[in-house]
Amino acid sequence: MGFEPLWDGGIACVFGLLIGSFLNVVIYRLPKMMERQWAAEAASYSASVSGEEVSATSQAAFNLLTPRSRCQACGHVVRWFENIPVLSYIFLRGRCSACNVHLSLRYPVVELFTGALFFYCGYRWGLSPAGLAWCGFSAALVALAFIDWDTTFLPDDITLPLLWAGLLSAAMQWTNVPLLDSVFGAAAGYLSLWLVYWGFKLVTGKEGMGYGDFKLFAALGAWFGWQALVPIILMSSVIGAVIGIAMKIFSGLREGGYIPFGPFLVGAGLTAMVFGPQAIIATVFRPFGL
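Residues numbered from 1 in each chain as written. Predicted model: local features only at pLDDT ≥ 70, side-chain atom pairs only at ≥ 80, totals over all residues. Heavy atoms only, no water.

Go over helix α6 (residues 179–204), please, and point to the residues and values.
In this model, α6 (26 residues) spans 38 Å end to end at C-alpha, consistent with the 38 Å of a helix rising 1.5 Å per residue. Residues of α6 that are buried sit in contact with α5 (156–171), α7 (211–224) and α8 (229–249). Phi for glycine 205, located one or two positions after α6, is positive at around 80°. (Helix = DSSP H or I, 4+ residues; strand = E, 2+ residues; numbered from the N terminus. Expected span 1.5 Å × (residues − 1). Contact = heavy atoms within 4.5 Å.)

Let's hear about the packing of α7 against α8: which residues, and what values?
The N-to-C vectors of α7 and α8 enclose an angle of 135°; their axes lie 10 Å apart at closest approach. As summarised for this structure, α7 and α8 are arranged oblique, according to the angle between their axes. Once α7 is placed against α8, the crossing between them reads as right-handed. Across the interface between the two elements, Phe217, Leu220, Gly221 and Phe224 of α7 pack against Leu229, Ile232 and Ile233 of α8. (Axes fitted to C-alpha atoms, helices over the stretch in contact; angles between N-to-C directions. Parallel < 35°, antiparallel > 145°, perpendicular 65-115°, else oblique. Left-handed = near helix turned anticlockwise from the far one by under 90°.)

Now, about the pattern of salt bridges: what can you tell me, with residues and values included?
Within this structure, the stated rule accounts for three salt bridges. For aspartate 150, the salt bridge identified is with arginine 106, shortest N-O distance 2.6 Å. Of the two residues, aspartate 150 is situated in helix α4 (residues 129–151) and arginine 106 in helix α3 (residues 106–125); the sequence distance between them amounts to 44 residues. For aspartate 150, a relative accessible area of 39% translates into the label partly exposed. (Salt bridge = Lys/Arg side-chain N within 4 Å of Asp/Glu carboxyl O. Buried < 20%, exposed > 50% of the residue type's maximum accessible area, 1.4 Å probe, protein only.)

Which residues make up the nonpolar core, and what are the values?
Phe137 and Phe224 are the most contacted members of the largest nonpolar core, which totals 55 residues. Listed by contribution, the elements that provide at least two residues to this core are α1 (4–50), α3, α4, α5, α6, α7, α8 and α9 (262–275). With 14 residues, the top contributor of residues to this core is α4. (Core = buried A, V, L, I, M, F, W, Y, C linked by side-chain atoms within 4.5 Å.)

Spatial relationships are all this shows, so hold off on functional conclusions.
Spelled out as structure tokens, the structure:
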């Protein structure tokens, strides 16, 4: 096989660590950007209904690039050498250099996880369009998993581009999924959870999941084809049930007694990428006689 796959994987891993650092920004800022947008739209609508003029507010720019990253405790602006993926966290011993407050372990975890996924994509597909496509797929899923876990939101800004990227990748033959299977996968993924949502709501009067879950499942259908939907939903449901029961036993459920479903769809999607959708059934369910 030679060293070329390892070389490609190593290069991809370095870029994955850098992308993982950026994903930490996306995970933290994108939900806040959405909240600001919703607040502005609500204020504009309220003013239009009451006949008042909408007053221009001079809020400081807040997006994925501005302002610069800073310590949430003391406001210390993170310098470039304090923002090197993983290494800066180790060098600073997980503390802010200004106020010495502990920094979340999530930062290096996200960077390492993204780097590992990029290494796998580079090793398996090389530095090719297919490899870049699967790297993008991995990065999007990492961001979605953590955002959903924190906020129970799956932003359209990520799920919809992910869906279209899956269809485009199928059309360009980067995923070995025929375009027709990809289109049917996207449609079936969305409609299946949409039907479950409304069936559950009609029976219980409660909402069991959000529309973001439909879009994420549709995106997975676009990337893997309609044949992969059953293995993916089975695996995500089983893992979600096991973790949910464990959290309930150890009183780890948040207020309202629910956990978001998106992270488990992400876990099943990444498993399908590494092992293949059918391997999910062979490795997870058949030992239990399912």
